[in-house]
Amino acid sequence: MTTPQPTDARAVLDQVRASASDYVKVAVVDTDGVLRGKYLDKAKFLSAAEGDGFGFCDVVFGWDSADECYDNGTFTGWRSGYPDGSVVVDVSTHRRIPWENDRDLFLGDFVGQGSNATYDVCPRRLLKGIVDRLAEHGYLGMVGMEFEWFNYRETSASVTEKDFRGLTPLTPGMFGYSILRQSQNQEFFEALLAELRAFGVVLEGLHTETGPGVYEAAISYSTAVEAADRAVLFKSGAKEIGQRFGIMATFMARVDTTLPGSSGHAHQSLWDADGTRNLFAAADEPAGMSPLFRHYLAGILDALPDCLPLLAPTVNSYKRLVDGFWAPTHPTWGLDNRTVAARVISTSPTATRLELRVPGADVNPYFAVAFGLAAGLRGIEQELELQPATVGSGYHDTSVERLPRNLRSATERMAASPIARELFGDGFVDHFCATREWEWRQFEDAVTDWETRRYFEII
């Protein structure tokens, strides 16, 4: 295995200069994992990339996914006037967007004003800090994410007109791994495969999943930050490509009570610093798991109940984490077991890894990766002992507590958790938990379809 090579920043920027396009797309990632961006005139972009960055309103950390401003945040708000933060271009993220005539795209990181201190609420900055901590121990985290998502023959206008009800799925019925269903939408399949590859987001696999119009994609693995970049760009890219075919994608964790949810699993392993040896693999150890792997996994299971909102960030996330619907409900692990939170795969020394099955498709990829690496490193540092593996159904394993049942209880637990604060710092935990508390309040104040159906006539 080889790691991505360092980017020659000068060569990349020379390519941008030579591009026929007058504008460059730049983007940052907000707390919900949504890409927020804009077009910059090429000259302005080059000045920013070669200088101290460019200004970007820090409201992206002061509002929710619907652009409603938080009333409980302390990071930014009306009192501060929502000033510009400084965004530094990460030249290593350079891509060309095939569906925008090969326009150049770059991701950026928020940095502090004046002292250039890190924005501790910026998802990419948070993950980069954890990667640096791993490097201090001589570890290189490798990650690959995979997503399930539902596709509909709809547009933004049509779903609004229908009030998000009675939507037409791309295909009917429950057809997991269906060759027939793939052939019925071959142009869309081909566009996803070819255009995402050209976009620097190579899919190792793409197939239909169980559910009407459901696809699953496994993104090729890479170093931690690059893997999270690929994941967030995949979600955005799948939506943008779909629009061209009159197809609307959703990465909700669960779209219907009668159907399985959509996952966002995170495969992960630790390698030596130069990426030549998988430190999780040990052929002479039980299940091929090295002691380091066992401590890493123990750290994840120990921290999981306290940090669940990082992996299940929305109200809807918890509608997926129910018994018998292919998503875990307890902090358990097992060998090639798809009913547990952490599935250990040890088929070969290079492929030995952990599949964290808790995240749904709605996860912010940077937080999913950051949690696994930070919690795993804590397990290694403290030499935590791994609990026995679950054999059989993880839904029936009562040896460990159940994970929190909703966003409110999960957020309350995280806010009070010394583990969460040890892993991510007070500034991030306070901000993130405030955003999740806000999210829950928006749900509590809303009148739902369930209430209307249950009470409208009979009460």
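Above this note sits the structure.
Right, let's walk through the structure included here. Computed from a prediction, not measured in an experiment: that's the story for all the values here.

Thresholds applied
- Residues numbered from 1 in each chain as written.
- Predicted model: local features only at pLDDT ≥ 70, side-chain atom pairs only at ≥ 80, totals over all residues.
- Heavy atoms only, no water.
- Axes fitted to C-alpha atoms, helices over the stretch in contact; angles between N-to-C directions.
- Helix = DSSP H or I, 4+ residues; strand = E, 2+ residues; numbered from the N terminus.
- Parallel < 35°, antiparallel > 145°, perpendicular 65-115°, else oblique.
- Left-handed = near helix turned anticlockwise from the far one by under 90°.
- Contact = heavy atoms within 4.5 Å.
- Nonpolar A, V, L, I, M, F, W, Y, C, P; charged D, E, K, R; others polar.
- Buried < 20%, exposed > 50% of the residue type's maximum accessible area, 1.4 Å probe, protein only.
- Pairing = 2+ DSSP bridges.
- Phe/Tyr/Trp six-rings, centres within 6.5 Å; stacked < 30°, edge-to-face > 60°.
- Arc of directions from axis to C-beta.
- Lys, Arg positive; Asp, Glu negative; His and termini not counted.
- Salt bridge = Lys/Arg side-chain N within 4 Å of Asp/Glu carboxyl O.

1. Remarks on the packing of helix H6 (residues 186-198) against helix H7 (residues 224-244)
Next, step 1: Contact geometry for H6 and H7: axes closest at 10 Å, N-to-C directions at 135°. In terms of orientation, H6 and H7 fall into the oblique class. Note on packing geometry: the crossing formed by H6 with H7 is right-handed. Contact residues: Phe188, Ala191, Leu192, Glu195 and Leu196 in H6; Phe234, Gly237, Ala238, Ile241, Gly242 and Arg244 in H7.
Next, step 2: Split into classes, the residues belonging to the contact of H6 with H7 amount to seven nonpolar, two polar and two charged.

2. Brief notes about unusual backbone geometry
Next, step 1: One non-glycine residue, Tyr177, lies in positive phi territory at about 60°.
Next, step 2: Take Tyr177: it is sitting in the loop between helix H4 (156-161) and helix H5 (179-184).
Next, step 3: Given the relative accessible area of 58%, Tyr177 is considered exposed.
Next, step 4: A positive phi angle, near 45°, is found at Asp336, a position not held by glycine.
Next, step 5: Mapped onto the elements, Asp336 comes out in the loop between strand S12 (333-335) and strand S13 (342-345).
Next, step 6: Among the residues examined, Asp336 registers a relative accessible area of 49% and is labelled partly exposed.

3. Thoughts on the sheet that holds strand S2 (residues 35-41)
Two strands in a sheet stick together by hydrogen bonds in their backbones, pointing the same way (parallel) or opposite ways (antiparallel).
Next, step 1: Read across the open sheet, the five strands follow the order S2-S1-S5-S4-S3; overall the sheet is mixed. Two strands bound the open sheet, and with one partner strand each, they are S2 and strand S3 (54-57). On average, each strand axis in the sheet is tilted by 45° relative to the strand beside it, whichever way the strands run.
Next, step 2: Two strands pair when backbone bridges link them, and strand S1 (residues 23-29) and strand S5 (residues 103-111) are joined in this way by three bridges, in the parallel orientation. Bridging across to S5, Val26 finds its partner in Phe106.
Next, step 3: Running over the sheet, helix H1 (residues 9-18) touches S1, strand S4 (84-97) and S5 and is turned about 80° from S4.

4. Brief notes about the environment of Gly176
Next, step 1: The residue Gly176 is located in the loop between H4 and H5 in this model.
Next, step 2: The partly exposed category is assigned to Gly176, whose relative accessible area is 31%.
Next, step 3: Taking the C-alpha atoms as reference points, Gly176 and Asp302, separated by 126 residues in sequence, lie 34 Å from one another.
Next, step 4: In this structure, Gly176 is in contact with Thr208, Glu209 and Thr210, ignoring residues within four places of it in sequence.

5. What about the packing of aromatic side chains?
Next, step 1: Taken as a whole and assessed by the stated rule, the structure comprises 26 aromatic pairs.
Next, step 2: Judged by centre distance (6.2 Å) and plane angle (85°), the rings of Phe61 and Phe75 are edge-to-face. With Phe61 in the loop between S3 and S4 and Phe75 in the loop between S3 and S4, this residue pair connects regions lying 14 residues apart in the sequence.
Next, step 3: Phe61 sits in the buried class, given a relative accessible area of 1%.
Next, step 4: Its relative accessible area of 27% is what places Phe75 among the partly exposed residues.

6. Some words on H1
Next, step 1: When we look at burial in H1, the residues that qualify are Val12, Leu13 and Val16. Here the buried residues of H1 occupy an arc of 95° about the axis, which is enough to place them on one side. Facing away from the buried side of H1 by over 90 degrees, the exposed positions are Arg10 and Ala18.
Next, step 2: Where the residues of H1 are buried, they touch S1, helix H2 (42-50), S4 and S5.

7. Some thoughts on the side chain of Glu439
Next, step 1: Note on placement: Glu439 falls in helix H14 (residues 426-445).
Next, step 2: Although Glu439 lies buried, it forms no salt bridge, and the closest oppositely charged side chain, Arg436, sits 4.7 Å away as judged by the N-O distance.
Next, step 3: Setting aside its immediate chain neighbours within four residues, Glu439 contacts Asp64, Val315 and Leu407.

8. Description of the pattern of salt bridges
Side chains carrying opposite charge are able to pair once their charged atoms draw close together.
Next, step 1: Under the defined criterion, the tally for this structure stands at 31 salt bridges.
Next, step 2: A salt bridge links Glu355 to Arg357, with the shortest nitrogen-to-oxygen separation between them at 3.2 Å. Neither Glu355 nor Arg357 differs from the other in exposure class; each is buried.
Next, step 3: Glu422 is the partner of Arg378 in a salt bridge, and the nearest nitrogen-oxygen pair spans 3.3 Å. With a gap of 44 residues between them, Arg378 in helix H11 (residues 365-381) and Glu422 in helix H13 (residues 418-424) connect regions that are remote in the sequence.

9. What to know about the packing of H7 against H11
Next, step 1: Relative orientation of the contacting elements H7 and H11 amounts to 150°, with a least axis distance of 8 Å. Considering the angle they form, H7 stands roughly antiparallel to H11. Like other packed secondary-structure pairs, H7 and H11 cross with a definite hand, here right-handed. Judged by residue contacts, Ala224, Val225, Ala228, Asp229, Ala231 and Val232 of H7 engage Pro365, Tyr366, Val369 and Leu373 from H11.
Next, step 2: Of the residues that constitute the contact of H7 with H11, the class distribution is nine nonpolar, no polar and one charged.

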